[in-house]
Structure formats: structure tokens, C-alpha cells
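One-letter residues, chain by chain:
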Amino acid sequence: MSSGFREPGHLPNLRPDRQPAHPDRLPRQQAGVTPQMYGRYPEYDVLEEAPHWDEVTRRLVLDRVEKVPDIRFFSDAEARTLGVFCDLVLAQDKEPRVPVLNMIDAKLYAGQLDGFRYADMPDDRETWRRVAKGLDAAARQHGSQEFATAQWTVQCQVIEAFSKGSLHGQVWDELPAKRAWSVLMRAVLSVFYSHPWAWNEIGFGGPAYPRGFARFGVGQREHWEGAAATAVDPVNDVKEQGLE
Amino acid sequence: MTSSDRDFGGDDGGERRFSLRGRFGPHGLRTFPQGALRPPDNDSAFLLDVHRRAVPRERMAHYDDSYAVDLVIVGAGAGGSTLAQRLARRGWKVVVLEVGPFWDPDEDWVSDEAGAHRLYWTEQRVIGGQDPVELGKNNSGHGVGGSMNHYAGYCPRFHPSDFEVRTRDGVGQDWPISYWDLKAHYERLELELPVAGDFWPWGDPHRYPHTAHPVTGGAELCWDGARKLGIEVRVGPVGITRPMPRTAKAAASSGLRSSPRARKVWVYAASLLQGRGRRSNCPHWITRRTRICSISGVPRVPTTAEARLKRS
């Protein structure tokens, strides 16, 4: 996918695959890091607030940025497939990316699960492994070698089908796809939004202890929170651009 | 029920080491000169160190493994630990078994949602059947304190009709007890926690010891919408001190410690209850409306605790 305005990639009608516009038109992040360096709050960096957090919290949050765990739970092949999957569902198509799969891998390796599973589902760790196999199998049905190296359009089709539970084949006949989708997406989203770069993107204030919040009202923000650079309402914007 | 029975923990066979002079209202609780409800002393609250959030375990008594006990309670959550405390006050020898750690809030707790995951009890539960309900990961807690470790403090009472769902709605089962059996216990706990919330007009109308907390932007929008539809809205009861003296009652009862996190700002209703003392520091509206005290950002032991420390 193209970046910047030198190529016509930002014009939806001129994109080679006619896919919806990329949010490159959002302001470039000035302070700190966001995924792909664009964000609604270009001058806001939540990590600048670290001195206001208690010591234990500060260590925990900064480690998320500074100490990315190695992949220990997934095999190389699984990590390749699932890494592409995670970045695709989060629309992380260029650096910097939140290392979502590494964080999920660390949780699964440590056995940090959600505490429940459906009776017709395997353990969450097993679900991740089977999905990795299933995504590759589905990509092969489209004539690709594996999911990670498949065409972007093929990857999107597979993910679309996965989310709707309409994949078929060996793995998918034994695994309720919709529930597997929910297992994966719960993990992907909670890990992504636990990362300070994602907080910068959405303007989240970060840990509140011991400082606390004082301005609760509609449209108010704390003095340290960043101002939005655009008044575009994402809910309407998504509709207008046909991104739904 | 005698008036001393209504006093939580007060009736412990002469072991009570101090008392404050005060008048007793019709409810059996001590009152302030102005008539506000004053919570009876919660001795457990004063076990805490002023500058630490952890239970000072080095000051706890130790017993031999051969020590004979009257009761074993499994799980040191909201129910188990309260039961143990109440029975111990009555002279029972109680052991509480807890599978998780004895948390130190300063070291083990973080102000971060993902980091709080370890407070959850995540032993795997299997859900199934015709219409399985997806659980949250935070259904219950882990360690001393149980789910109270990640409890937001919401403490509504049951509606009186909740006890008769079989009779009224033909679903579930009726309870063998009624709301009225529980009412005195609700009142007792709401005062002890203490609970902050709006006057509650539904079911058995009641008020809470502390005035309601301010609401966030999201709740404000919801409130606005409800108002337009003619739906009554009240700020729900939470067990978090609200040291904002809308009335003398609110300020007077906030000398109690409850949530360790809510300890940061204290209103101390010290010797100022007579309307003397540090009134000169007070914002005008506080002195005028409540004649109580000043608001201080510095944690300070209230007089009841000071009295206790001197005596012990």
C-alpha cells in the first residue's frame, strides 16, 4: 500500500485495487509514536505523562514499549500467518506497528487466558494454533501457498469469510469459526489497546493513579490530554467514505 | 434487636477499648451534635498504616499450626472475610483459606486494565447448553479480597419484588426471606462502607450516607436522553467515600476509611464538629452550609484514630 501523497494511492479511485481510502489524510503524529504515525491527536504523547504514574504502573507500561517479548509460544510458520492476520485486522500496514502478536504470544505462553471457554471449543491456545492452520488451508483453496504470502485481496477474502463463519475444509469443520473469531479478536483488541501507541492514536489519558481525573463533563478534557486536530466525526466519516 | 446489637462490632464482650461520648438517635447509632448519622467505629479500618495501602502483616499475630479453631472458611472474599471478622469479634477462632496471594496494593496493583488481569480468578470455566452466556474474565477475583480486588464498588440493594419473582413473574424461585429481613443489614453496611449515592425512590425508598459522586460525560449524555424521554435517573450507589459535604451528614461520616484509593483526599471532621477550629481555612460555602471542617489534600488521621492510637 502506498504512503504519502507522491503517488496517487491516497485517491480512492486511482488505487490499483480500488480499495477504500487509506487514512493517510489524518495528521501526521508530531509527538510520540502512533501505529503508522498518524493520529487524531498529533501533539499528544501519553508517555510524557509517565512521571505522574505510580512506580509499578510506570514500569509495566514502559515495558510494553521498551521490552517487546520474543515469540515463544507459536512456531515460526504460525507466527508468520498470525502476524499477518493481526496486522490486517488492525489495519496496521506500515511501521511503526504495535507488536500485537508478540504480546499475545507472551500471554498464551504464560497461560494467561480469559477464564472461560465454550464447551464445543478447545482451549484458547489450541484455538490459535488451529486457526493458523485453517488460514493457511483457506489461502491454499484460493491457489496461494500460504496465508502470509497470499495476495492482499485473498487475505481479505479469507478474513471476511472467517469472521462470518463461512470457511470450510478440514480445520474449519471441527472448529466453530465464529467463536474462534471471537477468541482471536478479544485477544487482538485487548492487547492492541493496552499499548501506549494505540493510546496516543485515540487520545486516551493512560493510567489515572495517583493523579486521578477532575474534568468529567461532555467535551471536557484534562489539561494534559491532547487536543484533537480534526473535528471529523469518525462515525459519520466512515459512512461517507464507504468504509463500513 | 437491642440498640447495641445494631452497632457493628461494638458489642464484643468488653473488649472495646474506647468510646466517644455521643448521643444516640432512634436508630441506635451515635449522632453528631447537629443530628447527622455518625458511623460507629470500624476497628479494622484503623489497622491500616496511614502511608501504606497494604495490610501491615508484620504487626499481625501468628499462631501455631496445632491451634484449635471453631470454624474454617474457604475463600477470603467479600463474604468470607467479613464473616471471619464478625465471628472473631464475637470470640470465635476462625481460619480462612485463600488460594491466591496476599496482595500488597503498593507493589502488586497497577492502574492499568491489562495489568490488572492477575487480580482475576481465571481458572477455566466451561460454558455450554442451549444459550450459553459468555463470561467476562473478571467474573471473580483471586487472592485475599477476592473479587473485591477489582470491584468498582457498585452496591445497589435488591428491589423488594426481587424476592418474589416466582409469585409475581412466574420465573425463577421465590426467596425464603424478604427484603425486610435484609433491610437492617443493608443499612448497616451502607453506613460502614460507606456508600455514596442519590436518594433512591424505587422499591423501598432510601438514602445513602454519602451524597452521590459526579458522573462522567457518557453518563451525562445518558441522563440527558433519559430526561427527554421522561425517565427518572438516579446516580447509583457506590461504596466509595465522597468527602464532599453537601450536608453535614456526608462530611461527618467521611472520617471513615474505606477504599484505600479514596484516601487521597480526606475531609477530617476532627474537633471542628462544634463549628469551631479551622473554619478560617474553609471555603465560604462549606463553613456557611455545614460548619464542619476544611478539605485537606494531606491524608490525616481523624480524631477517632488518634484516640485509638494513644490508648493502644
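Residues numbered from 1 in each chain as written. Chains lettered and ligands numbered in written order. Predicted model: local features only at pLDDT ≥ 70, side-chain atom pairs only at ≥ 80, totals over all residues. Heavy atoms only, no water.

*Asks:* For this particular structure, what's the right way to read the packing of aromatic side chains?
*Replies:* Geometry of an aromatic ring pair is reported as the spacing of the ring centres plus the angle between the planes. The final tally for this structure, using the stated rule, is 16 aromatic pairs over all chains. Centroid distance Phe158(B) to Phe163(B): 5.6 Å. Interplanar angle 80°. Geometry classified as edge-to-face. Phe158(B) gets classed as partly exposed once you look at its relative accessible area, which sits at 38%. What makes Phe163(B) buried here is its relative accessible area of 2%. Feature note: the residues Phe85(A), Phe162(A), Trp172(A) and Trp181(A) constitute an aromatic cluster, connected by ring pairs. Against the face of Phe73(A) rests Arg129(A), its NZ or CZ located 4.0 Å from the ring centre. Stacked on the ring of Trp121(B), the Lys or Arg Arg125(B) has its end atom at 5.6 Å from the ring centre. (Phe/Tyr/Trp six-rings, centres within 6.5 Å; stacked < 30°, edge-to-face > 60°. Buried < 20%, exposed > 50% of the residue type's maximum accessible area, 1.4 Å probe, protein only. Lys NZ or Arg CZ within 6 Å of the ring centre and 35° of its normal.)

*Asks:* Explanation requested: the interface of chain A and chain B in the structure shown.
*Replies:* Interface extent is often summarised as the accessible area lost during association of the parts. Each side of the interface is counted separately: chain A has 26 residues, and chain B has 30 residues. The contact between chain A and chain B buries some 2400 Å² in all, and 54% of this surface belongs to carbon and sulfur atoms. Three residues stand out in chain A for area buried against chain B, namely Phe116(A), Tyr209(A) and Phe216(A), and they jointly supply 27% of the buried area on that side. Run the count over chain A and chain B and you get two salt bridges. Connecting chain A to chain B are 13 residue pairs in polar contact (both at pLDDT 80 or more). Mapped by element, the contributors of at least two residues to the side of chain A that touches chain B are α1 (55–66), β1 (116–118) and α7 (177–192) of chain A. Across the side of chain A that touches chain B, the residue classes tally to 13 nonpolar, six polar and seven charged. (Contact = heavy atoms within 4.5 Å. Buried area = accessible area lost by both parts, 1.4 Å probe. Salt bridge = Lys/Arg side-chain N within 4 Å of Asp/Glu carboxyl O. Polar contact = N/O pair within 3.5 Å; in protein donor to acceptor, adjacent residues only side chain to side chain. Helix = DSSP H or I, 4+ residues; strand = E, 2+ residues; numbered from the N terminus. Nonpolar A, V, L, I, M, F, W, Y, C, P; charged D, E, K, R; others polar.)

*Asks:* How do you make sense of the nonpolar core when you look at a structure like this?
*Replies:* Soluble globular proteins tend to pack their nonpolar side chains together in the buried interior. Residues and elements named next belong to chain A. Counting residues in each nonpolar core, the largest one holds 46 residues, and the members touching the most others are Phe 85, Val 100, Ile 104, Trp 128 and Phe 162. Among the elements that line this core, the one with the most residues is α7, at 10 residues. In contact with Ile 104, other than residues within four places in its own chain, are Cys 86, Trp 128, Ala 187, Val 188 and Val 191. (Core = buried A, V, L, I, M, F, W, Y, C linked by side-chain atoms within 4.5 Å.)

*Asks:* I tried to follow the pairing of strand β3 (residues 71–74) of chain B on my own but got confused; where do I start?
*Replies:* Look at any regular strand and the pattern is simple: side chains alternate between the two faces of the sheet. Residue and element names in this part refer to chain B. Judged from the four bridges that link them, β3 and strand β4 (residues 94–97) form a sheet pairing that is parallel. Counted as the bridge partner of Val 72 is Val 95 from β4. Remark: the β3/helix α1 (residues 78–89)/β4 crossover connection has right-handed handedness. (Pairing = 2+ DSSP bridges. Right-handed = clockwise from strand over helix to strand, strands pointing away.)

*Asks:* Looking at this model, I keep getting lost on the pattern of salt bridges. Mind explaining?
*Replies:* Side chains that carry opposite charge are capable of pairing whenever their charged atoms lie near each other. All names here are of chain B. Counted by the stated rule, this structure contains 24 salt bridges over all chains. Among the ionic pairs, Arg 86 bridges to Glu 192, the shortest N-O distance being 2.9 Å. Of the two residues, Arg 86 sits in helix α1 while Glu 192 sits in helix α4 (residues 179–192), which places them 106 residues apart along the sequence. The closest approach of N and O atoms between Asp 204 and Lys 183, which form a salt bridge, is 2.9 Å. Here Asp 204, found in the loop between α4 and α5 (217–228), pairs with Lys 183, found in helix α4; they are 21 residues apart in sequence, far enough to count as distant.

*Asks:* I would appreciate a short explanation of the packing of helix α5 (residues 152–164) of chain A against α7(A) in the present structure.
*Replies:* The packing of two helices is summarised by the inter-axis angle and the distance between the axes. Residue and element names in this part refer to chain A. The contact between α5 and α7 brings their axes to 7 Å, and the two run at 105°. One element, α5, and the other, α7, form an angle in the roughly perpendicular class. Contacts from Ile 159, Phe 162, Ser 163 and Lys 164 in α5 reach Ala 177, Lys 178, Ala 180, Trp 181 and Leu 184 in α7. Here the residues of the contact of α5 with α7 sort into six nonpolar, one polar and two charged. (Axes fitted to C-alpha atoms, helices over the stretch in contact; angles between N-to-C directions. Parallel < 35°, antiparallel > 145°, perpendicular 65-115°, else oblique.)

*Asks:* Would you take a moment to explain a nonpolar patch on the surface for this structure?
*Replies:* Residue and element names in this part refer to chain B. Together, Tyr 63, Tyr 67, Val 69, Val 72, Val 74, Val 95 and Leu 97 make up an exposed nonpolar region whose accessible area comes to about 650 Å². Looking at the nonpolar patch, the elements that each hand over two or more residues are β3 and β4. By the secondary structure assignment, Val 69 is in the loop between β2 (30–31) and β3. Judged by its relative accessible area of 33%, Val 69 is partly exposed. (Patch = residues over 30% accessible without salt bridge, like charges linked within 9 Å, V, L, I, M, F, W, Y side chains within 5 Å. Areas by Shrake-Rupley, 256 points an atom, 1.4 Å probe, with all protein chains shown as cover.)

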